[in-house]
Amino acid sequence: MTKRKTKFDTCFFERYAMFSLVKLFGSRYLGLTCSDRPDLQDDENGIGIEVTRAISENKVDAHALINDMAGKPVMKIDPDDLKRIQESGYSFGLDSTYSMGNREYDYWALALPMKRILLSKIQKVSNGFYGNYNEFGLYVFTNYDLVAEEVNEIIGFVTEAQRDLEKHYDRLFITQIDTLFDCDLKKGHFDCFPIDSELRKQFYHYACLK
């Protein structure tokens, strides 16, 4: 019997995103295929979705993100680093005793990777880098532990940044692995989809398939 090969490569996140969209939203995204500029494309239905990451820029947090995606440890984290992650509110550096006001302030101070990537992707879609589609989506992996107020802040940030642009994102998907936020940028609201460990394992194993 031939052993099934896995492929943890540059398309891993794209496959993970594509499978999660199909699993959570059904036939709407069944026609997506992995491509480039944008990463996920459905030419027949005019849907283009770019996939990106907004995470803390260090190896420890990247490994923690992958382990969360798998629903189990698949990448080794040094015990001292793991202790630091757990004591800091996982990989977000947020003290659980903070008030909401301070939390919001610290979120935007810490979320520079999120802001930078959003602005970069907005610029690219507006100048035609991702071609012409009836609907553009942006799928963002993050290791920031977002709450509803912060998701609304992000929606407002993106809406303002792409105001008056002819080409813009209609939908923003933000996954913090155990939760996916589906943000309707036209209506300015979002829906929240919990993702349990078993479902995460499904997404991960599909993304690893060659």
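Details of the structure are given in the entry above.
All values reported here derive from a predicted model rather than from experimental measurement.

(A) The pairing of strand β6 (residues 179-184), seen in detail. Within β6, 6 of the 6 residues are buried, leaving the element largely enclosed by the surrounding structure. What you see with β6 is no split at all: Thr179, Phe181 and Cys183 on one side and Leu180, Asp182 and Asp184 on the other are buried throughout. Between the antiparallel neighbours strand β5 (residues 171-175) and β6 lie 3 residues, among them Ile177 with a positive phi of about 75°. Connecting β6 to the antiparallel partner strand β7 (residues 189-194) that follows it, the hairpin turn spans 4 residues, and Gly188 within it adopts a positive phi of roughly 75°.

(B) Quick peek at the environment of Leu172. Note on placement: Leu172 falls in strand β5. In this structure Leu172 comes out as buried when scored by relative accessible area, which is 2%. Spatially, the C-alpha atom of Leu172 lies 6.9 Å from that of Leu185, the residues being 13 residues apart in sequence. With residues up to four places along the chain from it excluded, the contact list for Leu172 reads Leu118, Leu138, Val140, Ile154, Val158, Phe181, Asp182, Cys183 and Leu185.

(C) Highlighting the pattern of salt bridges. This model, assessed by the stated rule, comprises 7 salt bridges. With its nearest N and O atoms 3.5 Å apart, the salt bridge here joins Lys201 to Glu198. Of this pair, Lys201 and Glu198 both sit in helix α7 (residues 197-208), 3 residues apart, which is roughly one turn of the helix. Residue Lys201 is classed as partly exposed on the basis of its relative accessible area, which comes to 25%. Residue Glu198 is classed as exposed on the basis of its relative accessible area, which comes to 51%.

(D) Quick look at the sheet that holds strand β1 (residues 33-34). One open sheet accounts for 7 strands, arranged β1-β2-β3-β4-β5-β6-β7; its pairing is mixed. Both edges of this open sheet fall to β1 and β7, since each of them pairs with a single strand only. One ladder, built from 6 bridges, connects β6 with β7; its direction is antiparallel. Across the sheet, the residue bridging to Cys183 is Phe190, located in β7. Sitting on the sheet, helix α1 (residues 12-25) touches β1, β2 (40-42), β3 (47-54), β4 (135-142), β5, β6 and β7, and the angle it makes with β4 is about 110°. Across the sheet, helix α6 (residues 148-161) lies against β5, β6 and β7, angled at about 135° from β7, the strand it touches most.

(E) Representation of the packing of aromatic side chains. For the structure shown, the criterion picks out 17 aromatic pairs. Taking 4.9 Å as the distance between ring centres and 75° as the angle between the ring planes, the aromatic pair formed by Phe13 and Phe141 counts as edge-to-face. Taken together, the residues span a long stretch of sequence, with Phe13 in helix α1 and Phe141 in strand β4 at a distance of 128 residues. You can call Phe141 buried: its relative accessible area is 0%. Directly above the ring of Phe129 sits Lys124, whose terminal nitrogen or CZ lies 5.1 Å from the centroid.

Analysis parameters
- Residues numbered from 1 in each chain as written.
- Predicted model: local features only at pLDDT ≥ 70, side-chain atom pairs only at ≥ 80, totals over all residues.
- Heavy atoms only, no water.
- Buried < 20%, exposed > 50% of the residue type's maximum accessible area, 1.4 Å probe, protein only.
- Helix = DSSP H or I, 4+ residues; strand = E, 2+ residues; numbered from the N terminus.
- Pairing = 2+ DSSP bridges.
- Contact = heavy atoms within 4.5 Å.
- Salt bridge = Lys/Arg side-chain N within 4 Å of Asp/Glu carboxyl O.
- Axes fitted to C-alpha atoms, helices over the stretch in contact; angles between N-to-C directions.
- Phe/Tyr/Trp six-rings, centres within 6.5 Å; stacked < 30°, edge-to-face > 60°.
- Lys NZ or Arg CZ within 6 Å of the ring centre and 35° of its normal.

These figures come from the coordinates and say nothing about function on their own.
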